[in-house]
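# A look at the structure
What follows is each chain in one-letter form.
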Amino acid sequence: MYLHIGNDTVVKTSEIVAILDAKLLDSSPLLKEFISENDVIHLAEYPPAKSIVITNNHIYLSSLGSAALKRKSSKVRV
C-alpha cells in the first residue's frame, strides 16, 4: 500500500523506516548530522516541515505532521 506524505508524493508503506517530528532537528545533533549527510527531498515549501519521513532510499521533509501521517498509515493495511 501507499501513503500520501504531501505535495502529491506517495511512498510505499513497506519502505518507510521512520516518521519523526521535525522539531527533533532542533534538539538532536545526531539527527541533524544524518540529514546533512544524505539527500533530502523537500516537500514542504511553506509552512516549514512538520515531519521527517525516512524510507529505505530517501529522506523527505513533509508539511504534514507526524501524528497525521501516523494516523493515515494506521488506516493502511501493509
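Let me begin by describing the structure that accompanies this report. (Residues numbered from 1 in each chain as written. Predicted model: local features only at pLDDT ≥ 70, side-chain atom pairs only at ≥ 80, totals over all residues. Heavy atoms only, no water.)

## A closer look at the overall build of the protein
Note the cut-off: Only runs of H or I of at least four residues qualify as helices and only runs of E of at least two qualify as strands under DSSP, and these elements are numbered from the N terminus. As defined in this context, the radius of gyration uses C-alpha atoms, and a globule is described by 2.2 Å times the residue total to the power 0.38. When accessible area is computed with a 1.4 Å probe and restricted to protein chains, residues below 20% of their type maximum are described as buried, those above 50% as exposed, and intermediate ones as partly exposed. Contacts between residues were defined by any pair of non-hydrogen atoms, one from each residue, lying within 4.5 Å. Here the open area of atoms and residues is found with the Shrake-Rupley method and a 1.4 Å probe, where only the protein chains shown may cover a residue.
The helix and strand inventory of the protein stands at three helices and six strands. Taking 2.2 N^0.38 as the reference for a compact globule, 78 residues should give roughly 12 Å; the C-alpha atoms of the protein span a radius of gyration of 12 Å, in line with that estimate. Over its C-alpha atoms, taken along the principal directions, the protein stretches across nearly 35 × 25 × 20 Å. Out of the 78 residues in the protein, the part that is buried amounts to 29%. Looking at the protein alone, contacts between residues at least 24 apart form 48% of all its contacts between residues at least 6 apart. With the model as given, the accessible surface of the protein reaches about 5,300 Å², and the carbon-plus-sulfur share is 53%.

## Structural notes on the environment of P48
For P48, the position within the fold is in the loop between strand 4 (40-42) and strand 5 (51-55). C-alpha separation for the pair P48 and P29, spaced 19 residues apart in sequence, amounts to 19 Å.

## Topic: the side chain of T9
Here T9 lies in strand 2 (residues 9-12). If we ignore the near neighbours within four places in the chain, the residues touching T9 are L3, H4, L43 and Y60.

## Overview of unusual backbone geometry
For N7, which is not a glycine, the phi torsion comes out positive at approximately 50°. Summarising the element assignment, N7 is placed in the loop between strand 1 (2-6) and strand 2. A residue is classified by how much of its surface remains accessible, and N7, at 45% relative accessible area, is partly exposed. At D8, a position not held by glycine, the phi torsion is positive, near 60°. Among the secondary structure elements, D8 is positioned in the loop between strand 1 and strand 2. The class of D8 is exposed, set by a relative accessible area of 77%.

## As for the pairing of strand 6 (residues 59-62)
Counted only if it meets this: By this definition, two strands are paired if DSSP reports at least two bridges between them.
Of the two faces of strand 6, both are covered, the one formed by I59 and L61 as well as the one formed by Y60 and S62. Pairing of strand 4 with strand 6, which is carried by three bridges, proceeds in the parallel orientation. What sits directly across from H42, in strand 6, is L61. Relative to strand 6, strand 5 runs antiparallel, the two being bridged by four bridges. In the sheet register, V53 faces strand 6, and the bridge partner there is Y60. Connecting strand 5 to the next strand, strand 6, in antiparallel fashion are three residues.

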